[in-house]
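For reference, the chains in residue letters:
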Amino acid sequence: MIDHWSTPVKLLAPLVLIASSLCSSANAAESSPCPPDWEPQICELKSVVDVLKKDHITEIDVPAFLDETIRLGVRTLPYANFRNAKEQQERAKEDERVRNGAPGIGIIFETRPDGLHIIDVVPDAPAAQAGVRSGDQVIAMDDNSLIGVDNTEIAKYAKGEVGAPLKITLLRGKPQQRLELTLVRAIIKPRPATAKRLDGDVLYTRLASFPEPSIGDYIDTVQAERKKGAPIKAVILDLRINGGGALNAAIGITALFTGRDKTAMVTLQRDDKVQHRITTNWPDYELPVMRGQDPLAPLQADDWWRKVPLIVLVDGQSASAAEATAAALKDLGRAKLLGMPTYGKGMAQTGTATRDDTYLVWTNARNLRPNGCPMEGYGVVPDWIVPQRKNADMSGILLGYREVDIPRPAYASKLSPDPFADVRKERQRLRDQRAQAKLDTAKSAPLPQKEFGSNKDWQLQQALNALAGKPVQEMGVSPKLMPAQPMCVKLDQ
């Protein structure tokens, strides 16, 4: 039977090639269906859709197919995403719920290709009560794999009503122990600001994130503690494990401590040609939650905010608005920073509604510190480099996941290649070496949030030493593990 069919197949092959070439010639003779201002690939996509509509084995949902095509392309760009009309409506509702408290299990995580890596758990929330730990890796929710899944899909799996169960599958430690836990969702309310008085009338304050209400919340929290006893002699502002939020909230916190007429940030837009200066003056930090009222106006006569000694705690998870705040307070000479180099997210995003109520979020600016230096990829290096534990593994901490480890597709910029490609490759090589050596990762793990502000908090203890004029126990760092020296920009006058 094989011999019987071999000859006809060989005879037919040239005919197929001839037919294909004739078709190509005919198509070349036709005028292009593309309008002159369209990219040719848009017409290619239309051709593909036409073929699938006609000849695919099943009838496909073309709008959903095109939504997914756009989504997959957009999400390859840094911090960009596309939402269809339904997804945007759900996102708006979710944002509103987050502002007022939303059902959840209370985990703080970062998304990586191999799942969710838990940075911390919210005290007394369902995850904490069930024994979930920082360092755990969530690989599934309700048996839906989270490996290779983006934030949009994760939110879809995680959301649910109060009282609804959520099954999570964890990997813990080395060798990785597999655990399955069923948690019951509860209302998790945003608590961005906390404060407590320490010995010596030092006020330890913490901002866990930068939601829109964080300026007013922080002021109210600090003022309440100031009224309780003797005058506060110094403030520690803890921005560790703060992934950011509303940039204007960060500008407002900077303005709170520095006063008016300062440059809090400069943004570079479109090929770094347009500089935009953001100041500590109203309304540069205005947010909808303020309803047109400057929350700092009543404090202008209170010099305490501008003069009280201030130390800011940062780490590798201080990102975006958090590291922008730290950088501004450092560059303006208002605070000293203590901890570890920050994450290095120095880009700002904006969003707009597009056709048919879809929504596009994209990166529109690069953020510069007041001194003109970028944060993207480099982060902010503190004045005192102090790890979270006295006997910490510094190399392991500095090789933790950072902005510099996120690859950029070649087409993301026509003008310049990925500036961190070589650094990223070297960092991964060093990680692989450490993995082969089976080093103890406990010495490089983040400090649990429940220990922040306690006597187990080594970085806090060193900040208290600095305020008291005592030596700070810093730790040496190999230069090759430190963020590279950035190319700073001369700012417009």
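Residues numbered from 1 in each chain as written. Predicted model: local features only at pLDDT ≥ 70, side-chain atom pairs only at ≥ 80, totals over all residues. Heavy atoms only, no water.

Comments concerning the pairing of strand 12 (residues 234-238)
As a general feature of sheets, a regular strand has side chains that alternate between the two faces. Most of strand 12 is tucked away: five of the five residues are buried. Pairing of strand 11 (residues 202-207) with strand 12, which is carried by five bridges, proceeds in the parallel orientation. Within strand 12, the position partnered with Tyr204 by the bridge is Ile236. Between the parallel elements strand 11 and strand 12, the chain passes through helix 7 (residues 214-226) in a crossover that is right-handed. Across four bridges, strand 12 lies against strand 15 (residues 310-314) in parallel orientation. Along strand 15, the bridge assignment pairs Val235 with Leu310. (Buried < 20%, exposed > 50% of the residue type's maximum accessible area, 1.4 Å probe, protein only. Helix = DSSP H or I, 4+ residues; strand = E, 2+ residues; numbered from the N terminus. Pairing = 2+ DSSP bridges. Right-handed = clockwise from strand over helix to strand, strands pointing away.)

Some words on the pairing of strand 7 (residues 165-172)
Counting buried positions over the eight residues of strand 7 gives six, a clear majority of the element. Note: strand 7 against strand 8 (residues 177-184), eight bridges, orientation antiparallel. Each residue of the ladder has a partner; that of Leu166, found in strand 8, is Leu183.

Here's the deal with the packing of aromatic side chains
Taken as a whole and assessed by the stated rule, the structure comprises five aromatic pairs. Taking the centre distance of 6.2 Å and the plane angle of 65 degrees together, the rings of Tyr218 and Phe257 count as edge-to-face. Remark: Phe257 occurs in helix 8 (residues 247-258) and Tyr218 occurs in helix 7; sequence separation between them is 39 residues. For Tyr218, a relative accessible area of 1% gives the class buried. Between Tyr378 and Phe420, the ring centres sit 5.4 Å apart and the planes meet at 75 degrees, which makes this aromatic pair edge-to-face. Residue Tyr378 is found in the loop between strand 18 (359-368) and strand 19 (384-385), and its partner Phe420 is found in the loop between helix 11 (394-398) and helix 12 (421-437); the two are separated by 42 residues along the sequence. The pair Tyr378 / Phe420 is uniform in exposure class, with both members buried. The structure contains a cluster of three or more aromatic residues connected by ring pairs, namely Tyr218, Phe257, Trp304 and Trp305. A cation over a ring is seen here: Lys345 above Tyr79, with NZ or CZ 4.5 Å from the ring centre. (Phe/Tyr/Trp six-rings, centres within 6.5 Å; stacked < 30°, edge-to-face > 60°. Lys NZ or Arg CZ within 6 Å of the ring centre and 35° of its normal.)

A short note on the nonpolar core
Core analysis: the largest hydrophobic core is formed by 45 residues, its most contacted members being Phe210, Tyr218, Leu237, Ile253, Leu256, Phe257 and Val312. Here this core takes seven residues from helix 8, the largest share from any one element. For Ile253, the residues in contact, after removing those within four places along its chain, are Leu207, Phe210, Ile215, Tyr218, Leu237 and Thr325. In this structure, Ile119, Leu198, Leu313 and Trp458 belong to the second largest nonpolar core, which totals 18 residues. (Core = buried A, V, L, I, M, F, W, Y, C linked by side-chain atoms within 4.5 Å. Contact = heavy atoms within 4.5 Å.)

Focus on the confidence of the model for the chain
Of the residues in the chain, 92% reach a pLDDT of 70 or more, and the chain-wide mean stands at 88. The low-confidence segment residues 1-29, where pLDDT is below 50, has zero contacts with residues more than four positions distant or belonging to other chains. (pLDDT = per-residue confidence, 0-100.)

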